[in-house]
Structures are given as structure tokens and as C-alpha cells.
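What follows is the residue order along each chain.
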Amino acid sequence: MSPRCASGNEMFAKLQLIVAEILAGRHHYRLMPHHPPEQALQLHTDVTHAIQRRDGDGARQAMVEVMEQGFAEMKSMWGRTAEPGGG
């Protein structure tokens, strides 16, 4: 049985499992900040509000910004943990 989500969209319901796994991994590896940055909270709020307004373009843009911020954070972490010689 598929998980349910408020949108009733089966794809989003399945993504729920992936997002939950990612968040669990971030917590396990201590990659979750104790207090999230205000900008990150605002971006997630922007996504939510755009979805509530049925503003697909706004939701997409806000989610792209969330993802870009996440990629930038990961890139920063990878740079600090990379071994010399790429190994």
C-alpha cells in the first residue's frame, strides 16, 4: 500500500519515502543543523505557500533554490573531506 499525502498525488506520496530516507541519513551523519538557517526555513515556507496558492512556477522556483542551497552545502562539505589525489 502506498503512503498517502495531502495532495493525493501518488508521485508525491512515493517521494515522501525518499525524502524521509535522505533526512534520516543527514541526521545519522550529523549533517542536520541544530538550528536551521533562517534562509532555509524561508525557502521551504516559500515552497509551501506557492503550492497552497497553486502557483506551480513559484513552487518550482522556490524548490530549485532549496536544492541549490543543499547542493552548495554538500559541495562545501565534500571540499573539506576530500582526500588528496581524489581518493
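The following refers to the structure shown. All values reported here derive from a predicted model rather than from experimental measurement.

1. Focus: the overall build of the protein
Summing up its helical and strand segments, the protein has three helices and zero strands in all. Going residue by residue from the N terminus, the α and β elements of the protein occur as α-α-α. When each of the 87 residues of the protein is scored for burial, the buried share is 10%.

2. So, unusual backbone geometry
Negative phi is the rule for most residues except glycine; trans is the rule for most peptide bonds. Even without glycine at this site, arginine 54 takes up a positive phi of about 60°. Tracing the chain through its elements places arginine 54 in the loop between helix H2 (38-52) and helix H3 (56-81). Given the relative accessible area of 79%, arginine 54 is considered exposed.

3. Structural notes on helix H1 (residues 10-28)
Over its 19 residues, H1 extends 28 Å from the first C-alpha to the last, a length consistent with the 27 Å expected when each residue adds 1.5 Å. Immediately downstream of H1, the backbone of arginine 30 shows phi near 55°, a positive value.

4. What about H2?
Taking 1.5 Å of rise per residue, 15 residues should cover 21 Å, and H2 covers 21 Å from first to last C-alpha, within 8% of that figure. Taken together, the buried positions of H2 are Ala40, Leu43, Val47 and Ala50. Projected down its long axis, H2 carries its buried residues within an arc of 90°, all on one side. Residues of H2 that are exposed and point more than 90 degrees away from the buried face comprise Glu38 and Gln52. Following H2 by one or two positions, arginine 54 adopts a phi angle in the positive range, close to 60°.

5. With respect to a nonpolar patch on the surface
Taken together, the side chains of Met11, Phe12, Leu15, Ile18 and Ile22 define a hydrophobic patch exposed on the protein surface, amounting to about 480 Å² of accessible area. Within the secondary structure layout, leucine 15 lies in helix H1.

6. Points about the pattern of salt bridges
Taken as a whole, this structure holds one salt bridge when the rule is applied. Here arginine 53 and aspartate 55 are joined by a salt bridge, their closest N and O atoms 3.3 Å apart.

7. Remarks on the side chain of glutamine 69
With respect to the helices, strands and loops of the structure, glutamine 69 is situated in helix H3. If we skip the residues at most four places from it in the chain, glutamine 69 touches Gln39, Ala40 and Leu43.

8. Considering the environment of glutamine 61
Positionally, glutamine 61 belongs in helix H3. Residue classification places glutamine 61 among the partly exposed positions, given a relative accessible area of 38%. Sequence spacing of glutamine 61 and valine 47 is 14 residues, and the spatial spacing of their C-alpha atoms is 8.2 Å.

Reading the values: rules and limits
Residues numbered from 1 in each chain as written. Predicted model: local features only at pLDDT ≥ 70, side-chain atom pairs only at ≥ 80, totals over all residues. Heavy atoms only, no water. Helix = DSSP H or I, 4+ residues; strand = E, 2+ residues; numbered from the N terminus. Buried < 20%, exposed > 50% of the residue type's maximum accessible area, 1.4 Å probe, protein only. Expected span 1.5 Å × (residues − 1). Arc of directions from axis to C-beta. Patch = residues over 30% accessible without salt bridge, like charges linked within 9 Å, V, L, I, M, F, W, Y side chains within 5 Å. Areas by Shrake-Rupley, 256 points an atom, 1.4 Å probe, with all protein chains shown as cover. Salt bridge = Lys/Arg side-chain N within 4 Å of Asp/Glu carboxyl O. Contact = heavy atoms within 4.5 Å.

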